[in-house]
Amino acid sequence: MARLTEDAKGVYVIAVTPFTDDGALDLDSIDSMVDFYEGAGVTGLTVLGQLGEAPKLTAEESRIVVERVLKRLDGRLPVVVGVSAPGLAPMRELAEAVMGEGAAGVMVAPPWTVKTDDQAFAFYQSVGEALGDTPFVLQDYPLTTNVTIAPKVIERIVNEVQNCVMLKHEDWPGLSKITALRAASDKGTMRRISILCGNGGLFLPEEMGRGADGAMTGFCYPEMMVGVVAAYAAGNPDRAHEIFDAYLPLARYEQQQGIGLASRKYVLAKRGVIKSATLRKPGAKLSALDIADVERLLARQAIRLKEIGA
């Protein structure tokens with residue numbers, strides 16, 4: 001499998017981790033999930049992300065998930081693996097293991113202990129050294145890490161840490177950050193890297209308009225992200241917004257803290273992608289009223305998609 005590069009574009013969907021009703025890994029559902037994402041037209045997969053419930057997996061389970069995904073894809077699509085860890089040693093160990101299995105690259109978020117610009121740079125400089133020639137994604141997600149990385153710091157990291165090839169942009173609001181980084185690369189003061197965006201795709205049309213290369217996030221309808229990115233690539237932002245608007249109410253519902261991932265898994269199970277909507281404990285469960293909300297949104301979404309021919 002080719003390695004991740006600065007030229008990456010498209011949709012790298014954040015994959016859920018399927019569990020059985022009793023919380024065990026569901027390997028058969030990993031297979032069906034991979035088939036579904038591939039059929040939806042995604043460019044690649046990202047596994048062991050925060051909404052893949054990575055912190056709830058053992059080290060051995062993490063390797064099992066990656067191996068299963070890679071085996072099912074058999075090189076047809078690139079796979080990025082989240083390897084964030086409190087220390088560099090476990091990060092490097094997991095990165096070496098998954099790259100040896102055929103992953104395209106890894107993703108690293110900063111620890112909460114990073115407080116200053118110099119600390120942010122020093123952390124990613126250490127990551128680059130620890131990972132050797134493994135290409136990595138800088139995950140910029142202040143809402144969960146409580147670490148804010150200014151554009152000037154990202155510019156410095158990109159210029160001095162050569163195996164940083166992608167920014168997973170999840171600042172919120174952060175459209176100006178994309179603008180600043182693209183201006184820097186246009187002026188030649190920063191190496192141009194791929195920028196893929198997260199936050200459940202809530203700002204994807206605007207992010208694409210600011211110069212993002214696509215999405216790296218999850219949603220129970222990856223077709224939305226694929227459609228928006230494809231429309232922008234075809235030079236049709238109005239169609240991109242039309243597609244996005246049809247899915248927005250459900251995407252908004254998924255962004256709730258606590259039950260957001262539960263609603264995503266509920267819909268994926270309803271669509272036959274995975275067998276069970278179970279989150280590994282501790283994890284939220286949808287109430288009857290929550291399910292009624294989701295069903296109403298699905299019904300209205302279906303009507304709107306029919307109206308726009310999507």
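First, a word on scope: everything that follows refers to the structure included in this document. The structure presented is a predicted model; accordingly, all values stated were derived computationally and were not measured.

Enumeration according to the criterion identifies 1 cavity of 30 Å³ or more in this entry. Volume-wise, the largest cavity comes out at about 130 Å³. In terms of lining, the largest cavity is formed by 15 residues, of which the most central are Leu-51, Tyr-141, Lys-168, Glu-170 and Thr-217. The residue inventory of the lining of the largest cavity, partitioned by class, reads 4 nonpolar, 8 polar and 3 charged.

Moving on, we get to unusual backbone geometry. Omega for the peptide link from Lys-281 to Pro-282 comes to -5°, which places this bond in the cis form. Assignment of secondary structure puts Pro-282 in the loop between α11 (260-270) and α12 (288-308). With a phi close to 60°, Glu-53 is a non-glycine residue in the positive phi region. Tracing the backbone through its elements, the reader meets Glu-53 in the loop between β2 (44-47) and α2 (59-73).

Moving on, we get to the sheet that holds strand β8 (residues 214-215). One closed barrel accounts for 8 strands, arranged β1-β2-β3-β4-β5-β6-β7-β8; its pairing is parallel. The pairing of strand β3 (residues 79-82) with strand β4 (residues 105-108) spans 3 bridges and is parallel. If you follow Gly-82 over to β4, its bridge partner there is Met-107.

Cut-off values and rules
- Residues numbered from 1 in each chain as written.
- Predicted model: local features only at pLDDT ≥ 70, side-chain atom pairs only at ≥ 80, totals over all residues.
- Heavy atoms only, no water.
- 1 Å grid on protein atoms, 1.4 Å probe; cavity = no way out; pocket = protein on both sides within 12 Å on 5 of 7 lines; lining within 4 Å.
- Points joined across faces, edges and corners; volume = space filled by probe spheres on them.
- Nonpolar A, V, L, I, M, F, W, Y, C, P; charged D, E, K, R; others polar.
- Helix = DSSP H or I, 4+ residues; strand = E, 2+ residues; numbered from the N terminus.
- Pairing = 2+ DSSP bridges.

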